[in-house]
Amino acid sequence: MRVDLFDFDLPQDRIALRPVRPRDASRMLVVRGQKPPFGGASEGASEGASEGAFEDRGVADLPDLLEPGDVLVFNDTRVIPAQLEGRRAGGEAKIGATLHKRIDLRRWQAFIRNAKRVKIDDQLVFGGGVTAIAEERHSDGSITLMFEGDEPVEILLDRAGTMPLPPYIAQRRGVDERDLEDYQTMFAAEDGAVAAPTASLHFTDRLIAALDARGVKREMLTLHVGAGTFLPVKAQDTDDHAMHSEFGRITAETADRLNAARAAGGRIIAVGTTSLRLIESAAGEDGVIREFADDTDIFITPGYKFRAVGGLMTNFHLPKSTLMMLVSALMGRDRMMAAYQHAIAQQYRFYSYGDSSLLLP
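Each residue is numbered by its place in its chain's sequence as written, counting from 1. Two thresholds apply to this predicted model, a pLDDT of at least 70 for residue-level local features and 80 or more for giving and counting side-chain atom pairs, whereas whole-chain, interface and lining totals are computed over all residues. Computation of side-chain values covers all heavy atoms of the structure but excludes hydrogens and water.

Describing the layout of surface pockets
Empty space among the atoms can be located by rolling a probe the size of a water molecule over them.
And step 1. In this structure, the second largest pocket occupies an estimated 210 Å³ of space.
And step 2. Using only the protein atoms, space was sampled on a 1 Å grid; points where a 1.4 Å probe fits but cannot get out form cavities, open sets with protein on both sides within 12 Å along at least five of seven lines form pockets, and lining residues are those with an atom within 4 Å of a point. If you trace the second largest pocket, you find 16 residues lining it, with Arg-102, Asp-191, Gly-192, His-224 and Phe-247 closest to the centre.
And step 3. Secondary-structure elements contributing two or more residues to the lining of the second largest pocket are β6 (94–102), β11 (190–193) and β13 (246–250). Grid points are joined across faces, edges and corners, and a volume is the space filled by probe spheres set on the points. Counting from the N terminus, the helices are the DSSP runs of H or I reaching at least four residues and the strands are the DSSP runs of E reaching at least two.

And the structure:
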């Protein structure tokens, strides 16, 4: 499909630079479809499926919008301070590094600002005495960094790194102490993400208690979100776009519980596109979710046949982004374009620190 089919104009003042407080005070746009997503691209994705009212609700209304037996699936990845500033050893040229994906205990792929100034085998010097060797250049432009020394890389990053806010926020204000809390979900447990699974930023203990009282279940999986999630789609056609890969894990026990919930008539509601992508990566064509521990580069566009996910809670996404294509696959491009125009007209806040949507095909 043409990438420009997923474009729209967003006023700059709709980009949220700070989250609302408390977290569950965010607004939530409820978008319903006419058919379930399973079994074909046209189901929930047909042209002309933009009819029907949208519901302007709040995140705190979530328990009333779900049914007992439904399952919310959260990503428990934890954002690490993956943004580094430094220079080449023996030189004055400044470089910036955003870690992207862990390779092993001491090596990470990183996107480098001023990468043309970096040669293979160069030593890069960051703050706090942290150094790394540039070992390999990859086809996506990233470079493998091997961190020197005996201390765990996580300790080095705590000393030298900062929270890797999305470019559309970082370009308009500096990272500060508030972001250490604001850009981390309440479920964060497994170190490894360089971007937050932002749909989960809206949850609080109060909201979880209300969901429990409603009989809504919850499960955890892990997908370490990489910096590639912010890379623009440069191709003119979706068939020509190379999707970044990320490591994800679903345990056998979690998979069994999700399958049992579906068999009992409950819906699997992914909280965030990261959860959705991992569930769909782990599900077979028979719709059965299996244990998974591997990289996934699944690219979901209109025409994709959903296997297991029955709904999605997600923030509002960038124009022409892979995530805009994903929500269009779930609900239909016309439906989602109409929903986004409604959200803009009704002054919803967009992107990572913005408001939420609940998509129910």
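Overview of the environment of Glu-148
And step 1. Assignment of secondary structure puts Glu-148 in the loop between β10 (143–147) and α2 (153–160).
And step 2. The classification of residues rests on relative accessible area computed with a 1.4 Å probe and restricted to protein chains. Under 20% of the type maximum is buried, over 50% is exposed, and intermediate values are partly exposed. Looking at Glu-148, the relative accessible area reads 28%, which means it is partly exposed.
And step 3. Separated by 18 residues in sequence, Glu-148 and Val-130 have C-alpha atoms that sit 7.5 Å apart.
And step 4. Residues in contact with Glu-148, not counting those within four places in the same chain, are Arg-106, Gln-123, Thr-131, Ala-132, Ile-133 and Leu-156.
And step 5. Polar contact is the term for a pair of N or O atoms within 3.5 Å; when the atoms are in protein, one must be able to donate a hydrogen and the other to accept it, and sequence-neighboring residues count only if both atoms are side-chain atoms. A polar atom in the side chain of Glu-148 sits 2.7 Å from the side chain of Thr-131. Any pair of residues with heavy atoms lying within 4.5 Å of one another is described as a contacting pair.

Comments concerning the nonpolar core
And step 1. Joining through side-chain atoms within 4.5 Å is the link that ties buried Ala, Val, Leu, Ile, Met, Phe, Trp, Tyr and Cys residues into a set, and such a set is a nonpolar core. Ile-279, Ile-289 and Phe-350 are the most contacted members of the largest nonpolar core, which has 64 residues in total.
And step 2. Here this core takes seven residues from helix α8 (residues 322–331), the largest share from any one element.
And step 3. Among the nonpolar cores identified, the runner-up in size contains 26 residues, and Val-118, Val-130, Phe-147 and Ala-160 belong to it.

Quick word on the confidence of the model for the protein
And step 1. Mean pLDDT for the protein: 92, with 94% of residues reaching 70 or above.
And step 2. Confidence scores here are pLDDT values: one per residue, from the predictor, ranging 0 to 100. Confidence drops under pLDDT 50 across residues 36–50; counting only partners more than four residues distant or on other chains, this segment forms 40 contacts.

So, the packing of aromatic side chains
And step 1. Whether two aromatic rings pair depends on their centres lying within 6.5 Å, for rings of Phe, Tyr and Trp, where Trp uses its six-membered ring; planes under 30 degrees apart make the pair stacked, over 60 edge-to-face, and the rest tilted. Evaluated as defined, the whole model comprises 13 aromatic pairs.
And step 2. Ring centres 6.4 Å apart and planes at 50° place the aromatic pair Phe-8 and Phe-350 in the tilted group. Taken together, the positions of Phe-8 in the segment before β1 (27–32) and Phe-350 in the loop between α9 (333–345) and β17 (356–360) put the pair 342 residues apart, joining distant regions of the chain.
And step 3. For Phe-350, a relative accessible area of 0% translates into the label buried.

Section: the pattern of salt bridges
And step 1. Salt bridge, as applied in this entry: a Lys or Arg side-chain nitrogen positioned within 4 Å of an Asp or Glu carboxyl oxygen. All chains considered together, the criterion is met by 26 salt bridges.
And step 2. Note that Arg-57 and Asp-61 form a salt bridge whose closest N and O atoms lie 3.3 Å from each other.
And step 3. With relative accessibility at 25%, the residue Asp-61 sits in the partly exposed group.
And step 4. Each of Arg-18, Arg-173, Asp-176 and Asp-179 takes part in a single network of salt bridges with overlapping partners.

What about the pairing of strand β9 (residues 131–137)?
And step 1. Should DSSP find at least two bridges between two strands, the strands are regarded as paired. Both strand β8 (residues 123–126) and β9 contribute to a ladder of three bridges, which runs antiparallel. Directly across from Leu-124, in β9, lies its bridge partner Ala-132.
And step 2. Two successive antiparallel strands, β8 and β9, enclose a turn made up of four residues, where Gly-128 displays a positive phi of approximately 65°.
And step 3. Both β9 and β10 contribute to a ladder of five bridges, which runs antiparallel. Its bridge partner lying in β10, Glu-136 is registered against Thr-144.
And step 4. The hairpin turn running from β9 into β10, its antiparallel successor, is five residues long, and Gly-141 in that turn takes a positive phi close to 95°.

Notes on the sheet that holds β13
And step 1. On the basis of which strands lie adjacent, the open sheet formed by nine strands has the order β2-β1-β17-β16-β14-β3-β12-β13-β15 and mixed pairing. One side of each edge strand has no neighbouring strand; the edge strands of this open sheet are β2 (55–58) and β15 (292–296). In this sheet, adjacent strand axes meet at a mean angle of 25° when their direction is disregarded.
And step 2. Bridge count for strand β12 (residues 217–223) against β13 is two bridges, and the pairing is antiparallel. As a rule, the C-alpha atoms of each element are fitted with a line to give its axis, helices using only the stretch in contact, and angles between N-to-C directions run from 0 to 180 degrees.

A short note on the environment of Arg-27
And step 1. As for its position among the elements, Arg-27 is in strand β1.
And step 2. Sequence spacing of Arg-27 and Gly-354 is 327 residues, and the spatial spacing of their C-alpha atoms is 8.7 Å.
And step 3. The residues contacting Arg-27, other than those within four sequence positions of it, are Asp-56, Arg-57, Gly-58, Val-59, Gln-346, Gln-347, Tyr-348, Asp-355 and Ser-356.
And step 4. At a separation of 3.3 Å, a polar atom in the side chain of Arg-27 contacts the main-chain carbonyl oxygen of Gln-347.

A few points about the sheet that holds β8
And step 1. Taken together, six strands build a closed barrel; the order of strands is β5-β6-β7-β10-β9-β8 and the barrel is antiparallel. Within the sheet, the average angular offset between the axes of one strand and its neighbour, ignoring direction, is 45°.

Some remarks on α2
It helps to recall that an α-helix has 3.6 residues per turn; residues three or four apart then point in one direction.
And step 1. Taken as a whole, α2 has its buried residues at Val-153, Leu-156, Leu-157 and Ala-160. The arc that holds the buried residues of α2, viewed along the axis, is 100°, so those residues lie on one side. It is the directions from the helix axis to the C-beta atoms whose arc is reported.

Notes on α9
And step 1. Helices are assigned an expected span. That span is 1.5 Å times one less than the residue count. Along its 13 residues, α9 runs 18 Å from first to last C-alpha, staying within 8% of the 18 Å computed at 1.5 Å per residue.
And step 2. Residues of α9 that are buried: Arg-333, Arg-335, Met-336, Met-337, Ala-339, Tyr-340, His-342, Ala-343 and Ile-344.
And step 3. Next to the buried residues of α9 lie β1, β2, β16 (311–315), α8 and β17.
And step 4. Of the residues flanking the end of α9, it is Gln-347, one or two places downstream, whose phi is positive at about 65°.

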